[in-house]
Amino acid sequence: MGGTSSKLPKDLLSEYQELTFLTKQEILLAHKIFSELQGGENGPYSSRVSMQKILTLPELKANPFRKRLCHVFSTSDMKDGSLNFEDFLDLLSAFSDTATLEIKSHYAFRIFDFDDDGTLDARDLEKLVNCLTGETDDTRLTAEEMRQLISNILEESDIDKDGTVNLSEFQHVISRSPDFVSSFKIVL
Amino acid sequence: GVHDSFSQLIQEQCHDLHDVIEMTPLDPEEESRGQILTRNRPLRQEVTSERNLTELLVFQMTSRVWRLRCTSGRSRGAIISQYCNRTMQLRRRRQSRPSIQHFPRSARPSIRGYGVETDAAGFEEEENKRERLVNNLQNLSDSDRVRMLRAMPLSLSEKKELRHGWYSWLSFLSSLQLWQTALKCVGGRFGTGVLSYFIFLRTLLFFNVFMFLVTGLLLVVPQAIAHPDLDQNITVRSTWGLEVLTGAGYFSHSLLYYGYYSNKPLQTGHSCSASSNKTSSSCGLSYNMPLIYFFTIGAAFFITCIILVYTMSKSFGQSFRIDKSKGLLAIKVFSSWDFKVIKKSSVRLQRANISTQLKELVAEVNHQKLKFPVLQRLFRLSIHMLAWIMCLGSTLACVLAVYYFSEYMHGEASLLAIPVFVSSLNLLLPGFFNVVAWMEEYDSPSVLNYISISRNLLLKVSVLGVLCYHWLGRVATDPQSLGLECWESFVGQELYRFLLMDFIFMLLDTFFGEFLWRVFSQKALKRERKPVFDIARNVLELIYGQTLAWLGVLFSPLLPAVQIIKLLFLFYMKKVSLKMNCQASGKPWRACQMTTIFITLLCFPAFLGAAVCVTYTMWTIKPSASCGPFQGLKNMFQAGKRWFQELAAANPDLHWLPSAHAYLVENPLFLFLSAGIFLIVIYFHSQVVDGQRKIIELLQEQIENEGEDKKFLITRLQHIHERKRRVTPRRVKEAIIPDALHELMEPQKRPQQQL
């Protein structure tokens with residue numbers, strides 16, 4: 001009700017500037033958008049916005065990884081994917097222009113790890129490919145193609161041959177892709 | 001570097017060990033002390049706890065000295081301590097790593113680990129941690145942040161480590177917000193490929209702004225302030241509109257062209273009189289226009305060259321990978337999703353793209369040996385050859401047409417004819433090449449891309465070559481035959497006309513090529529999809545326009561300003577047309593690689609060609625005798641030489657200057673020597689890259705072997721567990737450990753020896 005936007009205190013702003021990759025303008029914009037999502041409640045900075053509301057943002061609405069994004073960046077105890085303002089800043093910081101390859105690949109790994117077990121096994125890869133290609137019949141891969149694809153991926157990226165891709169192997173693959181940094185970006 | 005990733009790898013695999021032995025997760029505080037295992041420590045002392053057994057096992061798997069931290073997977077505390085320790089390590093050891101500028105930022109994976117604590121009790125600890133981090137936050141991009149950091153209560157020695165303010169200013173400048181929202185819109189809807197075109201346009205704009213500032217401040221403004229001392233009979237022309245197009249008439253005796261610039265030093269006061277045609281500096285503040293003109297153009301080109309080469313090498317560094325032979329599928333799956341794309345239809349399109357590419361790649365990787373029958377291969381080869389003959393033939397025909405056209409077309413009416421002719425060739429022929437390529441049916445779209453770019457490039461380079469020959473070879477050497485007094489102004493006008501016509505034809509192309517074609521294809525052909533934005537063609541057009549601007553700077557110092565206006569218009573026009581008429585492409589476009597290729601093309605044929613032409617003009621061609629700053633000199637280069645001689649004459653200490661100048665600049669030996677040194681440096685670097693490639697292969701083999709070692713050791717350990725049935729599944733008793741170690745330490749049947 002009312003919708004009076006609370007201002008971000010200066011010391012918090014400077015702290016966020018030091019600790020994230022975002023610039024001052026980006027943080028203020030994020031704060032504005034987050035306040036709108038909160039629906040004008042003047043809650044403290046630890047109040048959470050539910051996942052459904054976060055997913056109404058235009059930058060995330062059509063993204064096939066949106067649910068994973070919420071889960072990865074959420075610090076909620078209930079594991080419901082709700083984000084508070086700092087989680088939101090974390091998300092934007094990891095996807096910002098100036099974030100390093102290491103940060104981005106770290107978070108990309110966690111986003112692609114659908115079962116949260118710390119490695120990308122065949123099931124994770126299958127879910128990933130399905131997310132990428134979509135669910136319609138003409139774009140989905142056949143079972144045979146999927147099997148071939150996953151075995152090729154594991155052959156190329158699993159260096160220690162344990163059947164899964166761990167963080168280091170993932171980062172090694174990513175380091176060879178020059179397009180990763182520019183495609184792993186979200187701009188508000 | 002590699003060691004860290006190795007240790008991380010081992011840590012990941014420690015995870016597996018926990019399943020076997022069921023150990024409790026480590027205390028983050030303890031492991032933050034950092035434990036080093038060396039061979040020197042006696043083993044008996046270590047075997048007192050489960051944790052040490054794990055460490056020992058891991059140590060046995062490797063035979064190096066590493067900092068081992070067995071973390072339990074993804075625990076936050078472990079990650080934070082790990083990063084803090086890493087930064088501490090780095091600062092202590094001061095090793096130089098490849099991307100040391102970026103390293104400090106990796107010390108802050110998230111802000112959650114620090115929390116925003118108001119509780120005073122935990123504040124000291126927080127403060128220390130934060131202080132350590134802040135020390136690492138050196139390369140911040142916002143000048144505000146640096147100021148804020150300075151205001152923090154840090155000791156002076158630590159403040160000294162906080163880096164140069166100027167560096168943050170530079171990066172602040174480079175992240176200029178020009179067109180940021182517009183670019184975001186374009187990227188969100190059309191993806192990174194089309195976005196790279198607009199970013200390239202912005203880059204060109206900055207180059208032109210730089211050149212305009214340099215020539216404007218040093219040449220145009222002084223000459224505008226001083227009185228023109230050429231008395232001309234300016235005949236009044238009637239149609240003003242046509243003059244903007246032709247650049248002649250009123251403009252031909254203006255600041256726009258070379259002919260306006262004085263060859264005498266410009267004086268501030270008029271009390272002193274300078275003798276005509278002497279470049280002596282007399283009383284008052286004199287501004288030696290010929291010298292300044294010569295050095296300004298030279299310096300502008302030199303600095304542009306440096307900036308271009310730097311941009312190119314940076315772009316190369318991002319897109320060139322040492323071992324790029326394998327890993328295509330994995331790279332495609334992990335990094336092809338463009339998170340910038342927001343629009344639902346574009347997302348759907350992106351998914352369709354990726355699906356097609358993955359299917360093609362899987363088929364390609366697994367059916368590589370698909371051989372066509374010999375007859376079909378010959379047939380395809382002959383089609384390719386036919387296509388190439390057609391393209392080259394049409395290029396040759398155009399070149400000859402331009403050659404004869406330029407030779408025989410004279411007079412007022414035909415001033416615009418040649419530019420119109422060349423621009424229409426540039427417009428129509430790439431379309432023809434596209435049709436030919438469509439007939440050819442290439443296997444992979446990237447090969448098709450490269451081929452069409454190279455054909456287009458060949459056309460533009462040959463046309464420009466013929467035009468340069470016409471201007472510098474014919475017009476410049478024999479201006480009397482064309483009735484020209486001031487051939488430099490004439491060439492400047494020609495280039496102005498070419499630039500303008502290029503712009504007008506781009507407008508027409510946008511209107512006809514994109515707008516009308518879309519209307520036609522939707523209404524008449526009833527296609528659902530709008531036409532696609534041809535990135536390669538548009539970028540080559542930009543490069544062509546920029547080459548013209550660079551060629552013309554010597555003859556028309558205000559030409560960069562014209563180019564700036566043109567680029568500004570073009571940006572908005574293309575953006576509007578894109579939104580209305582085009583849709584995202586269905587073909588893959590490797591943005592990073594293509595951007596590198598375009599910057600390379602900008603540097604090599606375009607800039608290098610322009611620089612060679614300008615250098616040739618300055619070095620060999622005789623300037624016209626009655627206009628411009630170099631009247632009466634043998635060539636433009638003489639202006640610099642004369643100045644050295646005058647300096648030497650005025651100041652006896654500098655008598656070596658002209659002779660040094662003669663040896664360094666005019667003697668070709670120096671040029672050969674420097675070229676030779678460059679080649680040696682390039683060869684050395686390529687050898688280093690080869691060596692690194694070999695090392696990477698060896699290291700990958702090594703990782704594989706160590707993975708197998710680990711598997712072997714784990715199975716052995718399981719074996720031992722089962723044999724010694726005194727052990728409960730949840731705890732490892734201390735008694736059995738020495739035996740277990742004996743077993744492990746015996747170097748029997750290790751896979752390494754079998755391999």
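Definitions and limits used
Residues numbered from 1 in each chain as written. Chains lettered and ligands numbered in written order. Predicted model: local features only at pLDDT ≥ 70, side-chain atom pairs only at ≥ 80, totals over all residues. Heavy atoms only, no water. Helix = DSSP H or I, 4+ residues; strand = E, 2+ residues; numbered from the N terminus. Buried < 20%, exposed > 50% of the residue type's maximum accessible area, 1.4 Å probe, protein only. Contact = heavy atoms within 4.5 Å. Areas by Shrake-Rupley, 256 points an atom, 1.4 Å probe, with all protein chains shown as cover. Salt bridge = Lys/Arg side-chain N within 4 Å of Asp/Glu carboxyl O. Axes fitted to C-alpha atoms, helices over the stretch in contact; angles between N-to-C directions. Parallel < 35°, antiparallel > 145°, perpendicular 65-115°, else oblique. Left-handed = near helix turned anticlockwise from the far one by under 90°. Core = buried A, V, L, I, M, F, W, Y, C linked by side-chain atoms within 4.5 Å. Patch = residues over 30% accessible without salt bridge, like charges linked within 9 Å, V, L, I, M, F, W, Y side chains within 5 Å. UniProt positions renumbered as here; feature names shortened; annotations may be inferred. Disulfide = S-S within 2.5 Å. Nonpolar A, V, L, I, M, F, W, Y, C, P; charged D, E, K, R; others polar.

Trainee: Could you clarify how one ought to interpret the overall build of chain A in this entry?
Mentor: From N to C terminus, chain A includes 11 helices and 0 strands. Each helix (α) and strand (β) of chain A, taken in turn from the N terminus, gives the series α-α-α-α-α-α-α-α-α-α-α. Burial statistics for chain A: of 188 residues in total, 60% are counted as buried. Within chain A, residue pairs in contact and separated by at least 24 positions form 56% of the contacts whose partners lie at least 6 positions apart. Summing over all exposed atoms, chain A offers an accessible surface of approximately 7,700 Å²; the carbon and sulfur share of this is 54%.

Trainee: What's the story with the pattern of salt bridges in this structure? I'm lost.
Mentor: A side chain with one charge can pair with a side chain of the opposite charge if their charged atoms come near. All names here are of chain A. As enumerated under the stated definition, the model contains 14 salt bridges over all chains in all. Here Lys185 and Asp97 are joined by a salt bridge, their closest N and O atoms 2.7 Å apart. Note that Lys185 is positioned in the segment after helix H11 (180-183) and Asp97 in the loop between helix H6 (85-94) and helix H7 (101-112), a separation of 88 residues in sequence. Judged by its relative accessible area of 44%, Asp97 falls in the partly exposed class. Asp121 is the partner of Arg123 in a salt bridge, and the nearest nitrogen-oxygen pair spans 3.4 Å. The class for Arg123 is exposed, based on a relative accessible area of 55%.

Trainee: Any chance you could explain the packing of helix H20 (residues 535-552) of chain B against helix H21 (residues 559-581) of chain B here in plain terms?
Mentor: Residue and element names in this part refer to chain B. Between H20 and H21, the least distance of the axes is 9 Å, while the angle of their chain directions is 165°. Compared by their axis directions, H20 and H21 come out roughly antiparallel. Where H20 crosses over H21, the two elements pack in a sense that is right-handed. Residue-level contacts link Asn538, Leu542, Gly545, Gln546, Leu548, Ala549 and Gly552 of H20 to Leu559, Gln563, Lys566, Leu567, Leu570 and Lys574 of H21.

Trainee: Would you explain the nonpolar core in this entry?
Mentor: The tendency in soluble globular proteins is for nonpolar side chains to be buried as a group. Of all hydrophobic cores here, the largest spans 109 residues; its most connected members are B:Tyr197, B:Phe200 and B:Ile297. Setting aside chain neighbours within four positions, we find B:Ile297 in contact with B:Leu219, B:Val553, B:Leu554, B:Val614 and B:Met618.

Trainee: What's the story with a nonpolar patch on the surface in this structure? I'm lost.
Mentor: A cluster of nonpolar side chains, namely B:Val209, B:Leu213, B:Leu217, B:Leu218, B:Val221 and B:Ile225, defines an oily patch on the protein surface of about 540 Å² accessible area. Within the secondary structure, B:Leu218 is located in helix H11 (residues 192-225).

Trainee: Help me out: how do you make sense of the UniProt feature "domain: EF-hand" (unreviewed entry) in chain A in this one?
Mentor: Under the UniProt annotation, the feature "domain: EF-hand" (unreviewed entry) is placed at residues 100-135 and 145-180 of chain A. Structurally, residues 145-180 of chain A comprises 64% helix and 0% strand, and the distance from its first C-alpha atom to its last is 24 Å.

Trainee: Can you help me understand the state of the cysteines in this one?
Mentor: Chemically, a disulfide is nothing more than a covalent bond linking the sulfur atoms of two cysteines. All names here are of chain B. In the structure shown here, the tally under the stated rule is 0 disulfides over all chains. In this structure Cys305 is a free cysteine whose sulfur lies 6.0 Å from that of Cys603, the closest cysteine sulfur available. In this structure Cys305 comes out as partly exposed when scored by relative accessible area, which is 29%.

Trainee: Help me understand the packing of H7(A) against helix H10 (residues 167-175) of chain A, please; the structure alone is not making it clear to me.
Mentor: Between two packed helices, both the angle of their axes relative to each other and the distance between the axes serve to describe the pair. All names here are of chain A. One way to put it is that H7 packs onto H10 with a least axis distance of 10 Å and a crossing angle of 120°. As judged from the angle between their axes, H7 and H10 are oblique. Considering the relative orientation of H7 and H10, their crossing is right-handed. In this structure, H7 uses Leu101, Glu102, Ser105, His106, Ala108, Phe109 and Phe112 to contact H10, whose residues at the interface are Leu167, Phe170, Gln171, Ile174 and Ser175. Classifying every residue of the contact of H7 with H10 by side-chain character gives 7 nonpolar, 4 polar and 1 charged.

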